Each structure stands twice: as C-alpha cells, then as structure tokens.
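For reference, the chains in residue letters:
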Amino acid sequence: MIREYTLLALIFSAAVPVMDKICRTGLMRKPLFYVFLGVIFFFKLLVNGYLTSQQIVVYNPAMFSGIRLGSIPVEDFLFGFSMVSFCLIVWEKSG
Amino acid sequence: MSQYMAVLLVSLSLPLLLSFWPPLKFYRRFSALIAAIGATLLVFGGWDVFAVRREHWSFRPDAVLSFRLLGLPPEELLFFIVIPFCCLFTWETLKYLQRKLEKV
C-alpha cells in the first residue's frame, strides 16, 4: 500500500509541470531552472538535513515510504521540488 | 529563541541582506513577491496543516515555540514565507548571473 505522504508528494510533483504548461511559464524548458534546482538542492540538504537530524521535525513511519537520504525522507525532496517550482511559476506569471 | 527559529533566521539572513543590492531590485516587484509567497504559504502551508492533522509528521516540543496556529508551531508557518523568499532570491540571482555571462 502506498503511504499517504508518498501519495501526496507524487500528486503535487506531477501537478507542477502541468501547471507550468497551463500558465505558459515554460520554466521546465529553461536550462537555468535546472541550475536553480541544483543550488536549491544543496541548501535543502543543509536546512532539511538539520531539521531532520536534530529531530526538530519527526516523521511518522506509518505515513511515508521509510526511504531516507541521510536523515531526510525521500518524500521531502518531492515536497521541496513542487513547492519551489510552484513558487517560481507564480512569480514568473506575476512578472 | 527556539532551535527552529534560529534555522529560519540563518536561512533568511544572507538572501534578505543581498536582496537590497541594487542589481537585483527585489523591492520593485513587491506585488509579485506577495503573490508568489502568499500562494505558496496558502497551498503548501495548507498541505502542512493537513499533514500534521493526519500525523504525517510532528515537531519536537522543545525545539519550537509553545503556541500553535492552525495546529502548527509558528516557525513552521514562517518556513513557508522564508524559504520561498530564499528561492526567489536564488532564482533572480541566477538570472542576473546569466545576463552577466551572456554579455562577456
């Protein structure tokens, strides 16, 4: 059975490229966007890594896949990806 | 200060300071800033409110302030303002650097 957090993370990650198409922001066709993801990935490892390794945020084992990169649940990477992409799409659309 | 609040302040410090650097001119797109951060706070903060209600994750009580807003520690809501701001800062900085490189 797919866990709730896993499912939500997959749905949001799939929705964001659709939103990019509908909004005609074309973010995901820009090479710079992938440079951006790389930079954010680095800082995410620092911030999310700290929050999880220090157990400031504690995850319920029944609600996610149990797979972690270091201390960070893999679902958090999808959460992060969908959040930063969503934010940039609204920003570019409002420009 | 809570441990989580310290994480937010460290994350915000450099982007906030540099966003006033004239070439980036963040303040010029104030309404877009409000729209992007506001929408992210609403959608992903909403996800967080749901996730905490469903017990997807929780917060170590001594690492956050003691009161709750919509079931979340205030730091967790501030996260959805601070991190989007840092992302927009990163994006605009990369666009600036790309423009600079193209001129060379």
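Above this text is the structure in question.
Since we're looking at a predicted model, the values are computed, not measured.

### Some details on the overall build of chain B
For chain B, the helix and strand inventory stands at three helices and one strand. Its C-alpha atoms give chain B a radius of gyration of 16 Å, clearly above 13 Å, the size a compact globule of 104 residues would have. Along the three orthogonal principal directions, the C-alpha set of chain B runs to about 50 × 25 × 20 Å. Counting only residues that meet the buried cut, chain B has 29% of its 104 residues in that class. Counted over contacts in chain B with a minimum sequence separation of 6, partners at least 24 positions apart contribute 69%.

### A word on the overall build of chain A
Looking only at helices and strands, one finds three helices and three strands in chain A. For chain A, the N- to C-terminal ordering of α and β elements is α-α-β-β-β-α. In terms of its C-alpha atoms, chain A occupies a principal-axis envelope of roughly 40 × 30 × 20 Å. Across the 95 residues that make up chain A, the buried fraction comes to 38%.

### A word on the interface of chain A and chain B
Chain A puts 28 residues into the contact, and the matching count from chain B is 31 residues. Of all the elements in the fold, those that place two or more residues in the side of chain A that touches chain B are α1 (4-22), α2 (31-53), β1 (57-59) and α3 (74-93) of chain A. At eight residues, α2(A) tops the list of elements feeding residues into the side of chain A that touches chain B. Class assignment for the residues of the side of chain A that touches chain B results in 22 nonpolar, five polar and one charged. With three bridges joining them, β1(A) and strand β1 (residues 57-59) of chain B adopt antiparallel strand pairing. Looking at β1(B), one finds that Tyr59(A) is bridged to Trp57(B).

### A closer look at helix α2 (residues 30-53) of chain B
Helix length check: α2(B) (24 residues) gives 33 Å between terminal C-alpha atoms against 34 Å at 1.5 Å per residue, within 8%. Of the surrounding elements, those touching the buried residues of α2(B) are α1 and α3 of chain A together with β1 and α3 (74-103) of chain B. Once α2(B) ends, the next one or two residues include Glu55(B), with phi positive near 60 degrees.

### A look at α2(A)
Over its 23 residues, α2(A) extends 32 Å from the first C-alpha to the last, a length consistent with the 33 Å expected when each residue adds 1.5 Å. The principal kink in α2(A), of about 30 degrees, is found at Lys44(A). For α2(A), the full list of buried residues reads Phe36(A), Ile40(A), Asn48(A), Leu51(A) and Thr52(A). Structurally, α2(A) contributes buried residues whose contacts are with β1, β3 (72-73) and α3 of chain A together with α1 (3-18) and α3 of chain B. Two residues or fewer past α2(A), Gln55(A) is found with a positive phi of approximately 55 degrees.

### Here we look at the environment of Ile83(B)
Residues and elements named next belong to chain B. Mapped onto the secondary structure, Ile83 falls in helix α3. With 26 C-beta atoms counted inside 10 Å, the residue Ile83 sits in the buried group. For the pair formed by Ile83 and Ile37, sequence separation is 46 residues and the distance between their alpha carbons is 9.0 Å.

### So, unusual backbone geometry
Residue and element names in this part refer to chain B. For Glu55, which is not glycine, the phi torsion reads 60 degrees and is therefore positive. In this structure, Glu55 sits in the loop between α2 and β1. Unlike most non-glycine residues, Leu70 shows phi in positive territory, near 55 degrees. Residue class for Leu70 comes out exposed when judged on the 12 C-beta atoms lying within 10 Å of it.

### Focus on the nonpolar core
Counting residues in hydrophobic clusters, the biggest one holds 44 residues, and the most contacted among them are Cys87(A), Leu88(A), Cys87(B) and Leu88(B). Of all elements in the fold, only α1, α2, β1 and α3 of chain A together with α1, α2, β1 and α3 of chain B reach the threshold of two or more residues within this core. Once you skip the residues sitting within four places of it in the chain, Cys87(A) turns out to touch Ala36(B), Thr40(B), Pro84(B), Cys87(B) and Leu88(B).

Conventions used here
- Residues numbered from 1 in each chain as written.
- Chains lettered and ligands numbered in written order.
- Predicted model: local features only at pLDDT ≥ 70, side-chain atom pairs only at ≥ 80, totals over all residues.
- Helix = DSSP H or I, 4+ residues; strand = E, 2+ residues; numbered from the N terminus.
- Rg over C-alpha atoms; globule rule 2.2 N^0.38 Å.
- Buried ≥ 20, exposed ≤ 12 C-beta atoms within 10 Å, placed from the backbone.
- Contact = placed C-beta atoms within 7 Å.
- Nonpolar A, V, L, I, M, F, W, Y, C, P; charged D, E, K, R; others polar.
- Pairing = 2+ DSSP bridges.
- Expected span 1.5 Å × (residues − 1).
- Bend = angle between axes of the 7 residues up to and from the residue.
- Core = buried A, V, L, I, M, F, W, Y, C linked by C-beta atoms within 7 Å.

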